[in-house]
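# Examining the three-dimensional arrangement
Read off the chains here:
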Amino acid sequence: MKIFGLFAVLLLFAASSVYRVSAQETKLKWFGHAAFSITTPKGKVLLIDPWLNNPLNPEAKDGKDPLIAVPKVDYILLTHGHRDHVGDAVEIARKTGAVLICNPELAGNLVKLADFPEKQAQTDAIMGIGGEIQIADGEVTVAMTPAVHSSSVFNPKATATEAERAYGGNPAGFVLIIKNGPTIYHSGDTAYFKDMETIGEQYKIDVALLNIGGHFGMEPQMAAKAAQSVGARLAIAQHYATFPGISVNADGFAAELKRLKIPFYEMKPGETISYRGKQMMKK
Ligand SMILES: [Zn+2]
């Protein structure tokens, strides 16, 4: 009887630990501008457009090193090559060993011109628009989606006769399908395009991270239209109020979303929201 009792305890323990794993959350953190981290239920960390030294990031204020707050990164995803998106990718890659996910031209030029660690930029995670890859032992599917923008890589080694901007491949967005978590769309720096509807048809977008700052990409009203086109269950604003030219706040975006009856959540730089399955946890 005692042995059976022990078995029962062990079974209960095993069942509870399985439950604990399945009940784990997906965490989405905004660092300001277009920079987000996603921590999957199994603990893998993805960083998108990691300009952590942007002026909005509270972890970079007063000369603080924002990299101290990101000890572990498994993947770095870049929508395009502009400096406000590549940001601190090279330093983070060196420090964490993170694998790069972006288009091949951007990866190649980051290695050649910005000394991105070569081995981490030459894996089967290099991809093109329209493609899907599986990462994190199959826990996350990454789809690269079109973006209407430009893309170039800043060349810090450029001589006086060379262009400061090298080719950065095509700009993109990402859809991240997380097992036991939400499906997240990051729009990159795109303009609105009607085919966003196709993204919404193909993927059930739980949360859309949309660039709303205007000037270089979607104005707030069109960003709200983008939320509608991709069928977002929740819209979150990004790429605004960082520097002159994109100095709008999120009010116009919020008002238009209200009119379109699309839920909106205003994240603060440095804030983390959590999902259990596809459900956002109440604050
Ligand atoms: Zn940008």
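Description of the structure in this document.

Quick notes on the rules
- Residues numbered from 1 in each chain as written.
- Predicted model: local features only at pLDDT ≥ 70, side-chain atom pairs only at ≥ 80, totals over all residues.
- Heavy atoms only, no water.
- Core = buried A, V, L, I, M, F, W, Y, C linked by side-chain atoms within 4.5 Å.
- Buried < 20%, exposed > 50% of the residue type's maximum accessible area, 1.4 Å probe, protein only.
- Helix = DSSP H or I, 4+ residues; strand = E, 2+ residues; numbered from the N terminus.
- Contact = heavy atoms within 4.5 Å.
- 1 Å grid on protein atoms, 1.4 Å probe; cavity = no way out; pocket = protein on both sides within 12 Å on 5 of 7 lines; lining within 4 Å.
- Points joined across faces, edges and corners; volume = space filled by probe spheres on them.
- Phe/Tyr/Trp six-rings, centres within 6.5 Å; stacked < 30°, edge-to-face > 60°.
- Lys NZ or Arg CZ within 6 Å of the ring centre and 35° of its normal.
- Polar contact = N/O pair within 3.5 Å; in protein donor to acceptor, adjacent residues only side chain to side chain.
- Pairing = 2+ DSSP bridges.
- Donors = N, O, S within 2.8 Å, 3.2 Å for Na, K, Ca; no water.

With that settled, consider the nonpolar core. Core analysis: the biggest nonpolar cluster contains 59 residues, and Ile 101, Val 142 and Ile 236 have the highest contact counts within it. Here this core gets five residues from one element, more than from any other, and that element is strand 10 (residues 172–178). Beyond its immediate sequence surroundings of up to four residues, Ile 101 is in contact with Tyr 75, Ile 76, Leu 77, Leu 78, Ala 125, Met 127, Ile 133, Ile 135, Val 142 and Phe 174. Counting 24 residues, the second largest nonpolar core, distinct from the first, contains Leu 52, Val 73, Ala 98 and Val 153.

By volume, the largest pocket is sized at about 290 Å³. The wall of the largest pocket is formed by 14 residues, among which His 82, Arg 83, Asp 84, Arg 165 and Phe 243 lie closest to the centre. Those elements that place two or more of their residues in the lining of the largest pocket are helix 2 (83–86) and strand 8 (152–154). Ranked by residues supplied to the lining of the largest pocket, first place goes to strand 8 with three residues.

Here we come to the packing of aromatic side chains. Between two aromatic rings, the relevant description is the distance of the centres plus the angle of the planes. Taken as a whole, this structure holds four aromatic pairs when the rule is applied. Ring geometry for Trp 30 versus Phe 36: centroids 6.2 Å apart, planes at 25 degrees, classification stacked. Considered together, Trp 30 and Phe 36 belong to a single accessibility category, that of buried residues. Measuring from centroid to centroid gives 5.6 Å for Phe 253 and Phe 264, while their planes differ by 90 degrees, and the two rings are edge-to-face. Taken as a pair, Phe 253 in helix 7 (residues 251–260) and Phe 264 in the loop between helix 7 and strand 14 (272–276) lie far apart in primary sequence, eleven residues in all. Since its relative accessible area comes to 0%, Phe 253 is described here as buried. Judged by relative accessible area, Phe 264 falls into the partly exposed class, the value being 25%. Clustering of aromatic rings is evident, with ring pairs tying together Trp 30, Phe 36 and Tyr 240. Just above the ring of Phe 154 sits the side chain of Arg 83; from NZ or CZ to the centre is 3.7 Å.

Another aspect to go through is the side chain of Glu 139. Structurally, Glu 139 is set in the loop between strand 6 (132–135) and strand 7 (140–146). Among the polar contacts made by the side chain of Glu 139, one reaches the main-chain amide nitrogen of Lys 42 at a distance of 3.0 Å. Apart from the residues within four sequence positions on either side, Glu 139 is in contact with Thr 40, Pro 41, Lys 42, Lys 44, Ile 177, Ile 178 and Lys 179.

Taken together, seven strands build an open sheet; the order of strands is 5-4-3-2-1-14-15 and the sheet is mixed. Unpaired on one side and paired on the other, strand 5 (99–101) and strand 15 (279–280) mark the two borders of the sheet. Pairing analysis gives four bridges linking strand 1 (residues 26–30) to strand 14, with the strands arranged antiparallel. Paired with Lys 27 across the two strands is Ser 274, which belongs to strand 14.

Our focus in this paragraph is the coordination of the zinc ion. Note on the zinc ion: its protein donors are Asp 84 (OD), His 85 (NE2), Asp 189 (OD) and His 239 (NE2). The metal-donor distances range over 2.1 to 2.2 Å. Site description for the zinc ion: donor spacing in sequence, D-H-x103-D-x49-H. Placement of Asp 84 in helix 2 and of His 239 in the loop between strand 13 (235–238) and helix 7 is noted, with a sequence separation of 155 residues between them.

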